[in-house]
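Take a look at the letters that make up each chain.
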Amino acid sequence: MESILEQIDHPEALQRLSEEQLERLAAEIRETIIKTVARTGGHLAPSLGAVELTLALYSVFRLPTDKVVWDVGHQAYAHKLLTGRREAFANLRQYGGITGFPSRAESPFDAFGVGHASTSISAALGMAIARDLRGRGEHIIAVIGDGAMIGGEAFEALNHAGDLRKNLIVVLNDNGMSIDCNVGAMSEYLSRIRVAPQYNRAKKDIEELLKAIPHIGETVLKTAEYIKDGVKSVLVPGGLFEEMGFTYVGPIDGHNLRLMREVFGEIRLMDGPILVHVRTKKGKGYLPAEIEPDKFHGVGPFDQVSGKVNKAAGAPPSYTSVFGQALIDLAAENEDITAITAAMPGGTGLKAFGERFPARYFDVGIAEEHAVTLAAGMAAAGKRPVVAIYSTFMQRAFDQLVHDVCLQNLPVTLCLDRAGIVGEDGPTHHGVFDLSYLRMMPNMTVMAPKDENELRQMLKTALTLDGPAAVRYPRGAGFGVALDEKIEPLPVGRAEILREGKQVSLLAIGAMTAPALQAAELLAGEGIEAAVVNMRFVKPLDTALIDEMAEKTGFIVTLEENALAGGFGAAVLEHLADTGQRCPVVRVGIGDAFVPQGNGALLRRDCGLTPPEIVRRVKAALEKQG
Ligand SMILES: Cc1ncc(C[n+]2csc(CCOP(=O)(O)OP(=O)(O)O)c2C)c(N)n1
């Protein structure tokens, strides 16, 4: 049978398809997504759950004039396939290929760039305001998951939108899941609605029910609006949203294309803010993903038939798992230790902690700001909270770190996983700013381990300090180094010399220590003697050792997988300048540009972080020095 997908170069082509052809197209899209993601890795389960929703929206609304703003953007693969990227989709998330998320630079159909959660309603409301100021009439639609809906920014935007009463459609794509199970009171509220009767009927039924109560029902309906509203909020699904100023429609079956097209067709004609509650199944149409939606939320390459993820046999344990186990070990000795995750128990390695110490474990949902201030509160009350959040998502909590944690010098420990370049998830997910944004905060101790054993030591160090401390470590496997039997703290602010050398000092932080050692080896092959220092601390900096190395070698190279602006190298330069030293410095790190998506090794090469690139920089500088 002829492929329908092959014929779709623009979503307007969907308007010419019959219901039956749209159904067939949904199957073709699923097949393409599964086949591609099995090879490239990616956000499979969220995208499979949103296929019919995408088709319904794109066949009813007129893109790109009408705007669809996806939240997180990890469910937008059908969107990519239907908006002129069918062929490019083969290179999803690959180096030089298309990104895994909507990106304004990539397509006019990508109304708003995204990757972090809970932004869609704010962005869509901004577009609605701009539309009205211009005096045009396009539809603006935000599509947000139940996980992202519990993020604070989504609430802030709902609050504002309900007040402004602009024409705005919010589609709540509710599958009951965040990455893991969704959490919290809002999530429970949604699951109560989820079992409520289908779209529209419920509201009518309640009115019928009230009218049927002799005298009282009529009276309630006619004369006491506020009572009706009160009753409605209890009995009618979505009362909470109605009270926030939205017209609530739902819940509707998000895999019933016909019904959704009908509902969106009606909604196109309605005014004001409208919330459409759509129930979907995460992983829909691929059994392994339906059974384990968390595993297939964001997944590496896998075998399509068995659903088995391709893993290198015998790979060393990940930093994540070493952290998770170390925290359990330390918490077994210290009952003040608590652990907090923002919707990523699996990703941050805290799942086992939650099983072992359920009373000391908190999944706050996608709420990084809350997670940090919650920890500050616990610390103020004598606990030793450990907040495990990916480096990129901790950016959300900048003010909470400054104002709630550092200003009060509270002993909160931050464990920043996925620091540095993360690969295929790309610019929204690289964790390359943390050394800069943490280093500027008074009272903060900032560490990065050279390997997984040192990660354990740094965690212990953080937990012995009287103030805030952060440990940042990379995505993926460690080196398989031996783990000390007993976890001991490190001397604070002290670096470690790993290799002596007279001509240049390679001062490395964290994950750059290994490439620095390899570069020193390559340099030795060319007759250049390079010393290598594992700096361990970006703050407090081991200034005594920096002075010694500057004196001994007369040439310093700093190495970090972080933005050069404000990072580790900048700290070294500040120290040298402040103390009047004239030692030449070359800084290796990430320049003033966002790093794209792709294979980590290729991205590191492009950023000049690989041993051959380091050697090239060192030799060029030595030649210049004569
Ligand atoms: C600020 C922020 N924190 C955490 C994440 C990681 N993350 C990506 S998707 C996701 C779950 C989103 O759940 P939901 O919105 O319900 O979408 P679903 O995956 O269920 O379709 C999380 C926690 C993120 N992208 N942004």
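All figures in this text were calculated on a predicted structure; none of them were measured in a lab.

Visitor: Provide a residue-level description of the overall build of the protein, including the pertinent values.
Guide: Each helix and strand in the protein was counted, giving 26 helices and 17 strands. Taking 626 residues into account, the globule formula puts the C-alpha radius of gyration at 25 Å, and the protein, at 27 Å, falls close to it. C-alpha extents for the protein along the principal axes are approximately 90 × 60 × 50 Å. Every one of the 626 residues in the protein was classed for burial, and the buried ones make up 50%. Of the contacts formed within the protein by residues at least 6 apart in sequence, a portion of 76% connects residues at least 24 apart.

Visitor: Help me get a handle on the pairing of strand S2 (residues 140–145), residues and values and all.
Guide: Every regular strand shows the same layout, with side chains that alternate between the two sheet faces. For S2, the buried fraction is high: six of the six residues fall into the buried class. Burial of the side chains of S2 extends over both faces: Ile-140, Ala-142 and Ile-144 are buried on one face and Ile-141, Val-143 and Gly-145 on the other. In terms of strand pairing, strand S1 (residues 67–70) meets S2 through four bridges, oriented parallel. Residue pairing for S2: Val-69 is matched across the bridge by Ala-142.

Visitor: Run through the site of the ligand, naming residues and quoting values.
Guide: In the vicinity of the ligand lie 24 residues, with Pro-46, Ala-117, Gly-145, Gly-147 and Ala-148 positioned nearest. When residues of the shell around the ligand are traced back to their parent elements, those giving at least two are helix H2 (44–49) and helix H6 (146–149). Tallied by class, the residues present in the shell around the ligand amount to 11 nonpolar, nine polar and four charged. Residues from two domains meet in the shell around the ligand; each of domain 1 (5–196 + 237–291) and domain 3 (319–472) gives at least three.

Visitor: Describe the sheet that holds strand S16 (residues 556–563), naming the residues involved and giving the relevant values.
Guide: One key point about sheets: their strands pair by backbone hydrogen bonds, in either a parallel or an antiparallel sense. The sheet built from five strands is open, its strands ordered S12-S14-S13-S16-S17 with mixed pairing. A strand with exactly one partner marks an edge of an open sheet, and here the two such strands are strand S12 (496–499) and strand S17 (585–590). Strand-to-strand twist of the sheet, defined as the mean angle between neighbouring strand axes without regard to direction, takes the value 25°. Sheet topology places strand S13 (residues 504–508) next to strand S14 (residues 530–534); five bridges connect them, and they run parallel. Bridge pairing in S14 links Ser-505 to Ala-531. Of the strands in this sheet, S13, S14, S16 and S17 are in contact with helix H26 (residues 611–625), which crosses S17 at around 155°.

Calculation notes
Residues numbered from 1 in each chain as written. Predicted model: local features only at pLDDT ≥ 70, side-chain atom pairs only at ≥ 80, totals over all residues. Helix = DSSP H or I, 4+ residues; strand = E, 2+ residues; numbered from the N terminus. Rg over C-alpha atoms; globule rule 2.2 N^0.38 Å. Buried ≥ 20, exposed ≤ 12 C-beta atoms within 10 Å, placed from the backbone. Contact = placed C-beta atoms within 7 Å. Pairing = 2+ DSSP bridges. Near = placed C-beta within 6 Å. Nonpolar A, V, L, I, M, F, W, Y, C, P; charged D, E, K, R; others polar. Domains from an automatic or database assignment. Axes fitted to C-alpha atoms, helices over the stretch in contact; angles between N-to-C directions.

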